[in-house]
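Take a look at the letters that make up each chain.
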Amino acid sequence: MVSRVIPVGTFDLVIFGGTGDLSRRKILPGLFRRFLAGQMPDDARIIGAARAKLDNDAYRQLVREAIEEFGHADPGFESELATFLELVSYVPIDARGEMGWAQLAKRVRSGVIHAYYFSVGPGLFGDLAERLHGHGIANENARIVVEKPFGHDLKSARELNRTLAQHFSERQIFRIDHYLGKETVQNLMAVRFANILFEPLWNAQFVDHVQITVAETVGVDGRGAYYDKSGAMRDMVQNHMMQLLCLIAMEPPSRFDPDAVRDEKLKVIRSLEDVDSHHIVRGQYVSPEGEPLYRLDVGNPRSTTESFIALKCHVSNWRWSGTPFYLRTGKKLKARMSEIAVVFKDAPHLIFGQEAGRHCNTLSIRLQPDEGMTLNVTIKEPGPGGMRLIDVPLDMTFAEALADQLDDIPEAYERLIMDVMRGDQTLFMRGDEVEAAWAWTDPIIEGWEKRGDVPKPYEVGSAGPEDAMMLMHRDGRRWREIK
Ligand code: NAP
């Protein structure tokens, strides 16, 4: 099949924090994969930048090791890796001082796309923007890529937006949410908006409820100090889960263009009702013996930060009035699973009698692991013995016809970086979206802070606190199994 990948122009990509965890795990191996896929121009340049005093060769060695460790690089790619490393160089720089800026200004070329990836702690985003501007490095065609967290609340997000806006226009700012870079998330948009089948059913008349789960098996993983100030609400719900909810709930945009899509997402966030405190369950993981493992992990014996949250919310508009959206996310749960399930209502009249059982169609969109989309449909169980019904999954993602393309599906980060180079902001959050998400999140957090709410304990390896099950049971519904 002929590739229809949109080509990328020559670029200089500067990765601030180019020695850090995110760079080593995701950004650098992702760039190498795009290089292998032939998507990177031969004269592209990747410039790592951090305070460590490395020379080019030492940095290339760091990049090589990162690709070998996290990029699953086949030893057969040695000569490609050597060619890729020729594109890489390093500048020691201090985001808060003068070190390195003059050198960087000399290193970036004129007449090519400039992309500056802010893969540093959020406290440095403003400093980097100011210095890029002050040293005249960022031309009007430059882009900046800003990592999460984007603010801690509405006030700080507004301040950050204001700071970035002093130096860059909105069309230059790429706020990354790697969930949006996943193949299946984009497939969800294709399924919704390129087929006549789903849209007529995509509303409160036919959808019983939507559930979104992001379950992790890991704990706070050395990020305890950050996580304890953040918690599941800020770390997952305000950004990733909100974005997923938007893609399910939004109206069809008039065209697949960045502002048309983001306008519709923004309307969803602004339509979210305040959440009743009875519709929120917060949890903290403990050992089977009841030891407060979360508190020990973050080194804060009195912590009331949640490592789990489940909530029910409503999108208050004509399409969704009456259809609840249940969100659940947590750490140290029984399995790693990110999934959206659109659960349709039962058929209005059952002609097959009680013994056939009750069945409903569910569209499940799985983001990890095993990305894919399945539609459960009810059919007759084959064979004699009367009309027995069973549910079978229809695989809607990877038809056999596409099998030869599956090896080259880019991972989220690499897809998003290439979108930055193309200047395509469709899969990036706009400043007003982020602020609207905080405007919805802040009162919820303030509410439990005011009440002195203490998270419920849940055992590591479980599906979360019992109360989270009750949140669904009270409504006559069930969470899907975490597996
Ligand atoms: P990290 O491992 O702590 O790396 C931080 C990087 O920033 C290092 O390269 C560090 O190198 C550099 N740095 C620190 N202070 C600097 C300064 N004053 N000037 C220039 N460079 C400086 O952090 P990370 O985990 O990679 O995270 C980076 C960003 O990505 C954060 O905003 C984080 O929230 C976000 N993020 C990370 C992940 C992940 O999986 N790691 C996932 C999602 C989002 P030097 O100390 O040598 O300067």
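Residues numbered from 1 in each chain as written. Predicted model: local features only at pLDDT ≥ 70, side-chain atom pairs only at ≥ 80, totals over all residues. Heavy atoms only, no water.

Student: So what exactly am I meant to see when it comes to the sheet that holds strand β4 (residues 113-118) here?
Tutor: Strand pairs in the sheet, formed through backbone hydrogen bonds, run parallel or antiparallel to each other. A sheet is described by the order of its strands in space; here six strands give the open sequence β3-β2-β1-β4-β5-β6, paired in parallel fashion. Each edge of the open sheet is held by one strand with a lone partner, namely β3 (88-92) and β6 (173-175). Mean inter-strand twist for the sheet, computed between neighbouring axes without regard to direction, equals 20°. Pairing between strand β1 (residues 11-16) and strand β2 (residues 45-50): five bridges, direction parallel. Paired with Val-14 across the strands is Ile-47, a residue of β2. Taken strand by strand, helix α1 (residues 21-36) contacts β1, β2 and β4, and its axis lies near 170° from that of β1. (Pairing = 2+ DSSP bridges. Helix = DSSP H or I, 4+ residues; strand = E, 2+ residues; numbered from the N terminus. Axes fitted to C-alpha atoms, helices over the stretch in contact; angles between N-to-C directions. Contact = heavy atoms within 4.5 Å.)

Student: Mind showing me how you'd approach the sheet that holds strand β13 (residues 372-380) here?
Tutor: Here nine strands make up an open sheet; going across it, the order is β14-β13-β12-β11-β7-β10-β9-β8-β15 and the pairing mixed. Of all strands in the sheet, those bounded by a partner on one side alone are β14 (389-395) and β15 (456-459). Within this sheet the neighbouring strands show an average axis-to-axis angle of 20°, counted without direction. The pairing of strand β8 (residues 280-286) with β15 spans four bridges and is parallel. The residue bridging Val-286 from the neighbouring strand is Glu-459, located in β15.

Student: Any chance you could explain helix α5 (residues 125-134) here in plain terms?
Tutor: Because each turn of an α-helix spans 3.6 residues, side chains separated by three or four positions end up pointing in the same direction. Counting buried positions along α5 yields seven of 10 residues, so the element is predominantly enclosed. Turning to α5, its buried residues are Phe-125, Gly-126, Asp-127, Leu-128, Ala-129, Arg-131 and Leu-132. Against the buried residues of α5 lie β1, α4 (101-107), β4, β5 (143-146) and α6 (154-167). (Buried < 20%, exposed > 50% of the residue type's maximum accessible area, 1.4 Å probe, protein only.)

Student: Explain the domain arrangement of the protein chain here, please?
Tutor: Accessible area lost on assembly of the parts is the figure often given for the size of an interface. Taken domain by domain, the protein chain holds domain 1 (11-147) and domain 2 (180-411 + 429-473). The C-alpha-based centres of domain 1 and domain 2 are spaced at 34 Å. (Domains from an automatic or database assignment.)

Student: Would you mind showing me how to read the packing of α1 against helix α3 (residues 78-86) here?
Tutor: Helices that pack against each other are described as a pair by the angle of their axes relative to one another and the distance between those axes. Where α1 meets α3, the axes come as close as 10 Å, and the angle between the chain directions of the two elements is 115°. Judged on the interaxial angle alone, α3 and α1 are roughly perpendicular. The handedness of the crossing between α1 and α3 comes out as right-handed. Each of Leu-28, Leu-31, Phe-32, Phe-35 and Leu-36 in α1 lies in contact with α3, whose residues at this interface are Glu-80, Leu-81, Thr-83 and Phe-84. Taken together, the residues of the contact of α1 with α3 break down into seven nonpolar, one polar and one charged. (Parallel < 35°, antiparallel > 145°, perpendicular 65-115°, else oblique. Left-handed = near helix turned anticlockwise from the far one by under 90°. Nonpolar A, V, L, I, M, F, W, Y, C, P; charged D, E, K, R; others polar.)

Student: So what exactly am I meant to see when it comes to the state of the cysteines here?
Tutor: Such a bond, covalent and formed between the sulfur atoms of two cysteines, is termed a disulfide. Under the counting rule described, the total for this entry stands at zero disulfides. Cys-246 provides the cysteine sulfur closest to Cys-313, a residue in no disulfide bond, and the two sulfurs are 10 Å apart. With relative accessibility at 2%, the residue Cys-313 sits in the buried group. (Disulfide = S-S within 2.5 Å.)

Student: It is not clear to me how the site of the ligand should be interpreted in this structure. Could you clarify?
Tutor: Lining the immediate surroundings of the ligand are 20 residues, of which Thr-19, Asp-21, Leu-22, Arg-51 and Val-120 lie closest. A distance of 2.8 Å separates a nitrogen atom of the ligand from a polar side-chain atom of Asp-21. Between the ligand and Ala-95 there is a distance of 2.8 Å, counted from a nitrogen atom to a backbone nitrogen or oxygen. Summarising the interface, the protein chains cover 73% of the accessible area of the ligand, which totals 880 Å² for the free molecule. By residue class, the composition of the shell around the ligand is 10 nonpolar, five polar and five charged. (Near = heavy atom within 4 Å. Polar contact = N/O pair within 3.5 Å; in protein donor to acceptor, adjacent residues only side chain to side chain. Areas by Shrake-Rupley, 256 points an atom, 1.4 Å probe, with all protein chains shown as cover.)

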